[in-house]
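Chain by chain, the residues run as shown.
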Amino acid sequence: MASVQWHSRARKYESELQMCRLEVSAVEFSDCHPLKAVTVTDSKSRRGGRKGSTSSSSSSSCSSVAPDPLSSMLDGTDPLSLFAAASETPTLPHSISAGELGRKREEEVGSDFEPWSSKRGEILSRFTTTEKLSINLFMGSDKNKASSPSSAVSEKVRTRLEELDDLEEGSQRELLNLSQQDYVNRIEELNQSLKEAWGSDQKVKALKIVIQCSKLLSDTSVIQFYPSKFVLITDILDTFGGLVYDRIWSMCADPHPLQESFSADDVNDTAKETCLNWFFKVASIRELVPRLYVEAALLKCNRFLTKSGIQETLQRLTAMIRGIGDPLVAVYARAYLCRVGMKVAPHLKDSLSNNFFDLLASFRQIHGESVQNQLVLQRVEIPIYLTLYSPAIHWILQCVAYRAPEVLLTEMMDRCKKLGNNALLLNSVMWAFRAEFVATRATDFIGMIKDCDEAGFPKHLLFASLGRSLSCADPPESERLSVLNEAWKVITKVRSPRDYINCAEIWVEFTCRHFTKREVNTVLADIIKHMTPDRAFEDAYPQLQSVIKKILTYFHDFSVLFSMEKFLPFLDMFQKDSVRVEVCKSIMEVFIRHQQEPTRDPVILNALLHICKTMHDSVNALTLDDEKRALSLLINGFIRMVSFGRDFEQQLSFCVEARATFCNLEPVIIHLIHTVSQLAMETRRVMKGNHSRKTAAFVRACAAYSFITIPSLTSIFSRLNLYLLSGEVALANQCLSQADAFLKAAVSLLPEVPRTISIEGKQRSSEPFLLDVINNFLSTLLVVPDHPEQGVLYLVRGLLNMVQDYTWEDNSDAKIRVYISALPLLAAMSQESYLYTIPKVDSNETLYGGDPKFIAEINKLCETLIGQVLDHLKGLGQDEGVRRQGSLACSLFGCLLAHGDLRNNKLNQLAVNLWNLSHKHGFCDTRTSVRTLEYIKHQAQQADMSHLSDMLARLSLQSRA
């Protein structure tokens, strides 16, 4: 290896840069531009034209651009546009006129109508019971006998009627002492039995199950559970109604399926007879409630019989409900009829109004003797009893108020006044009508609420309903303050913490929307006053979180937010760790999203430091990595928005405090080190290179911060990269001793790098990451001057020694690649002028001034490295190593070509040998090799590079045999 003599090629970086720049040529953009649109004109010739005639012509701004084949197939019309146009103006069926279609669209229920399905879950969770329930299950009958094929039609009818009678004669079993969950399970079993009976063509059995379930709606023995029972039973009724309708619809498919807008005239006789048969069966049900519910479930089937059947049936069923004595059972029957009516015929508003007016007429029954006796027997107070009506009345009024004019609300308010401002009805009116209508009459509603009887329905519930409307729409500006004052007079007197916070939480949004921090602070103080005694806040965390969310929605100026005296004490009520952390996260998310400018406001900084510390202190050994990352991002976002301007010492003091506060979150510590590094560079920029003693002292303080903090990190690659970054920053600020300390610390850390590291829970080789760090290190060392008390190139030698002693993976070429990467650095160090330097820092180019001894040391080190590489190449001559051998030989050849002085015959011959070795087994990329030869040929044309022509003649491409 002693025969290898390295000489670096003299580089002229400025001239090389000029050669690499692209040539500038004038382009007439008006003639042809690659982004200019291509215009294609397609003119088809007539069929039967001359053979030589042109069938199509294309014109474009660029004559060289061929016509777009896709455009030429479109005839100037986009088929998707045609489809969209067709969709917008559909072809009307012959049986529907345009006017009818427009009227039909007006009659349909839109997405602005809240469906029953959205209310189902809330009712089931709200109306529960711990009392025991009972249910009657259909058990079948021994009287059932299969009819013989010769039976007459009348015999079949008589048999089916007997089966229905059998149901009412005891073919059922009563289950007692069921818990609520057992009851729900039994209802689900009945629903499944209904589907199974229908699927096995046992239609009468299916009807019996539905009748049996409908009878349960007459039972109010456990009255508090009735709304939930209504939800469960009507689900079965809906299923039954859908099965019957689909069955009859399928019978109409012969000879052609019905259109969606069919009329009774389009239905064949068989389907009509089947439909009538179902209604006859329903008519034979003796009891009123099940007969009414089952017929309501089949309401849509009236379409198969007559055009006016649905309207007539709705009127008749509305009148039938008047015969139900229990007002609770009656109101839910009306609710179901309105529910079916809105689904089938929403345009029939009269039936909805009639049901509502009948409801008003039945209010006096609520205070009747029979109801009062029932409540005494079940030990239910009247306010609780009245809440049972809410879901039904809400639904009826929602149907009535849907797309209704504003004048209807005035009429409803007048009716409420005539009924003595019935609180239950007034509450439903405010729920049902559009918020805009309610908001414009906020003062009127407050007056009506004042006149309501407190005993029957608590006034705070009425104010809660009013608050919901006012959170969606604004009352007149002149009335807002009086509305808030009147509402809060009632809310603050509520004794139950649960009822209080449920109402107060609603009105917080109204306060935030229309008032200042003064009013919001007053509301917060009142909430703290009510929720602190007996730690009532522990049962109201969702409502308290909602309060914070609403405040953050309207207050984005955190100087205003934290100037509220009661905001931080309000946060102190969140004692549960998980809830407190979620609240802190929501505050930080809003701050990061809306804070536009960096801040130094001490009020904001102290408050947010407290909030971020709360998040940090929640981290423990069980905290997931994803949660740590999320918290770190929020805290880093806060740190990024802290700026003390040119008061750099105060900024550094803040970073010192933050380091102590967030020591358990490594991403935050890393961010702080980056922040301090940026602070040091900003100092240099502001001072414009005037390196005063004060500035130097500050930069050294920044360096000390990083030097002390980096060892606390667990990630070794984070430490390596930060040592390198901090060294570069210190060097840029002419702090040579600090830069030297950082770089030496990085070199001494290299042996500790493990061979594998964990990435996203999987073990990966650390070599690629280590090579990146070393290559970055090598690029930095070009501008690092040698220490006067150390030897020549002591940092380069120290780095290479660590690389030599490091335990690399078996069959790894990483060490050799580091040696090859070090050659360009050493070649750059031997130049008279370096490729890049740091202002006011004397690099080795200045210290040594091209001293021959310095150049000799560089050449000697290069020869040693090349020798190591060649020795390694010899060891790769076996079959399994030839691909690696070719790759390394190609890399070393490229290094010699770019940085070596190939006028030296031995170095020139070495380069040729490496080329041949890299192509010996045919593993080199042919395109890369061709481009390399073209580059050499181009370089050989320069005056001082003619020696490359001789070498080029000896380089040849070889393919693998």
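Bear in mind the structure is a predicted one, so any value in this text is a computation, not a measurement.

What counts as what
- Residues numbered from 1 in each chain as written.
- Predicted model: local features only at pLDDT ≥ 70, side-chain atom pairs only at ≥ 80, totals over all residues.
- Heavy atoms only, no water.
- Helix = DSSP H or I, 4+ residues; strand = E, 2+ residues; numbered from the N terminus.
- Buried < 20%, exposed > 50% of the residue type's maximum accessible area, 1.4 Å probe, protein only.
- Polar contact = N/O pair within 3.5 Å; in protein donor to acceptor, adjacent residues only side chain to side chain.
- Contact = heavy atoms within 4.5 Å.
- 1 Å grid on protein atoms, 1.4 Å probe; cavity = no way out; pocket = protein on both sides within 12 Å on 5 of 7 lines; lining within 4 Å.
- Points joined across faces, edges and corners; volume = space filled by probe spheres on them.
- Nonpolar A, V, L, I, M, F, W, Y, C, P; charged D, E, K, R; others polar.
- Phe/Tyr/Trp six-rings, centres within 6.5 Å; stacked < 30°, edge-to-face > 60°.
- Expected span 1.5 Å × (residues − 1).
- Arc of directions from axis to C-beta.
- Axes fitted to C-alpha atoms, helices over the stretch in contact; angles between N-to-C directions.
- Parallel < 35°, antiparallel > 145°, perpendicular 65-115°, else oblique.
- Left-handed = near helix turned anticlockwise from the far one by under 90°.
- Pairing = 2+ DSSP bridges.
- Core = buried A, V, L, I, M, F, W, Y, C linked by side-chain atoms within 4.5 Å.
- Salt bridge = Lys/Arg side-chain N within 4 Å of Asp/Glu carboxyl O.
- pLDDT = per-residue confidence, 0-100.

A. Representation of the environment of K549. Relative to the helices and strands, K549 is located in helix α27 (residues 541-554). As for K549 and V583, which are separated by 34 residues in sequence, their C-alpha atoms are 8.5 Å apart.

B. Expanded view of the side chain of T780. Structurally, the position occupied by T780 is in helix α38 (residues 767-781). Given the relative accessible area of 6%, T780 is considered buried. Engagement of the side chain of T780 in a polar contact is seen with the side chain of E728, the distance being 2.7 Å. When residues no more than four places from it in sequence are discounted, the contact partners of T780 are L724 and E728.

C. Summary view of empty space enclosed by the protein. Scanning the entire structure with this criterion turns up seven cavities of 30 Å³ or more. A volume near 80 Å³ is recorded for the largest cavity. Lining the largest cavity, in full, are V676, S677, A680, V699, C702, A703, S706, S726, V729, A730 and F742. Elements with a minimum of two residues in the lining of the largest cavity: α34 (666-687), α35 (693-709) and α36 (716-732). Here the lining of the largest cavity gets four residues from one element, more than from any other, and that element is α35. Of the residues belonging to the lining of the largest cavity, the class tally is eight nonpolar, three polar and no charged.

D. Looking closely at the packing of aromatic side chains. This model, assessed by the stated rule, comprises 36 aromatic pairs. On the basis of an interplanar angle of 90° and a centroid distance of 5.6 Å, the ring pair of Y183 and F225 is categorised as edge-to-face. Here Y183 is found in helix α7 (residues 180-199), whereas its partner F225 is found in the loop between α8 (203-215) and α9 (226-251), with 42 residues between them in sequence. With a centroid separation of 5.4 Å and an interplanar angle of 80°, the aromatic rings of W507 and F510 are classed as edge-to-face. Separated by three residues within a single helix, W507 and F510 lie in helix α25 (residues 497-514), roughly one turn from each other. Classification of W507 as buried rests on a relative accessible area of 0%. In this structure F510 comes out as buried when scored by relative accessible area, which is 0%. Among the aromatic residues, those joined into a cluster by ring pairs are F113, W116, Y226, F230, Y293, Y332, Y336, W395 and Y402.

E. Region of interest: the layout of surface pockets. A volume near 1600 Å³ is recorded for the largest pocket. Around the largest pocket, the lining is made up of 44 residues, and of these E122, R126, H394, W431 and R468 lie nearest the centre. Elements with a minimum of two residues in the lining of the largest pocket: α5 (117-126), α17 (382-387), α18 (390-401), α20 (423-432), α23 (459-470) and α25. Sort the elements by how many residues they give to the lining of the largest pocket and α23 lands first, with six residues. Here the residues of the lining of the largest pocket sort into 21 nonpolar, twelve polar and eleven charged.

F. Layout of helix α12 (residues 309-321). With 13 residues, α12 extends 18 Å between its outermost C-alpha atoms, agreeing within 8% with the 18 Å of an ideal straight helix rising 1.5 Å per residue. Among all positions of α12, only G309, I310, T313, L314, L317, T318, M320 and I321 are buried. One face of α12 carries all of its buried residues, which in axial projection span an arc of 160°. Against α11 (288-297), α13 (327-344) and α14 (349-361) lie the buried residues of α12.

G. Main features of the packing of helix α43 (residues 882-899) against helix α44 (residues 905-919). Look at α43 against α44: their axes get within 8 Å of each other, and the N-to-C directions meet at 150°. Between α43 and α44, the interaxial angle falls into the category roughly antiparallel. Crossing of α43 against α44: the hand is left-handed. Mapping the contact onto sequence places Q885, G886, A889, C890, L892, F893 and L896 in α43 and L907, L910, A911, L914, W915, L917 and S918 in α44. In the contact of α43 with α44, the residues fall into eleven nonpolar, three polar and no charged.

H. Region of interest: unusual backbone geometry. One non-glycine residue, R379, lies in positive phi territory at about 60°. Looking at the element boundaries, R379 is found in the loop between α16 (369-378) and α17. For D534, which is not a glycine, the phi torsion comes out positive at approximately 55°. In this fold, D534 is placed in the loop between α26 (517-531) and α27.

I. The arrangement of the pairing of strand β3 (residues 756-759) in detail. Two strands pair when backbone bridges link them, and β3 and strand β4 (residues 762-765) are joined in this way by four bridges, in the antiparallel orientation. Residue I757 lies in a different strand from β4, and its bridge partner there is R764.

J. The arrangement of the nonpolar core in detail. Counting residues in hydrophobic clusters, the biggest one holds 309 residues, and the most contacted among them are W507, I527 and F638. Here this core gets 13 residues from one element, more than from any other, and that element is α13. Leave out the neighbours within four places in its chain, and I527 touches Y500, I501, A504, V508, L544, V547, F570 and M573.

K. Fine view of the pattern of salt bridges. Inspection of the entire model under this criterion finds 29 salt bridges. Its salt-bridge partner being R513, residue D474 comes within 2.5 Å of it at the nearest N-O pair. Of this pair, D474 sits in the loop between α23 and α24 (480-491) while R513 sits in helix α25, and the two are 39 residues apart along the sequence. A single network of salt bridges, built from pairs that share partners, joins K450, E486 and K489.

L. Representation of the confidence of the model for the protein. Here the protein averages 84 in pLDDT, and 85% of its residues register 70 or above. Every residue in residues 69-76 is under pLDDT 50, and counting partners more than four places away or in other chains gives four contacts.

M. Expanded view of α20. Of all ten residues that make up α20, nine are buried, and the element is covered over most of its length. Inspection of α20 places A423, L424, L425, L426, N427, S428, V429, M430 and A432 among the buried residues, and these make up the whole buried set.

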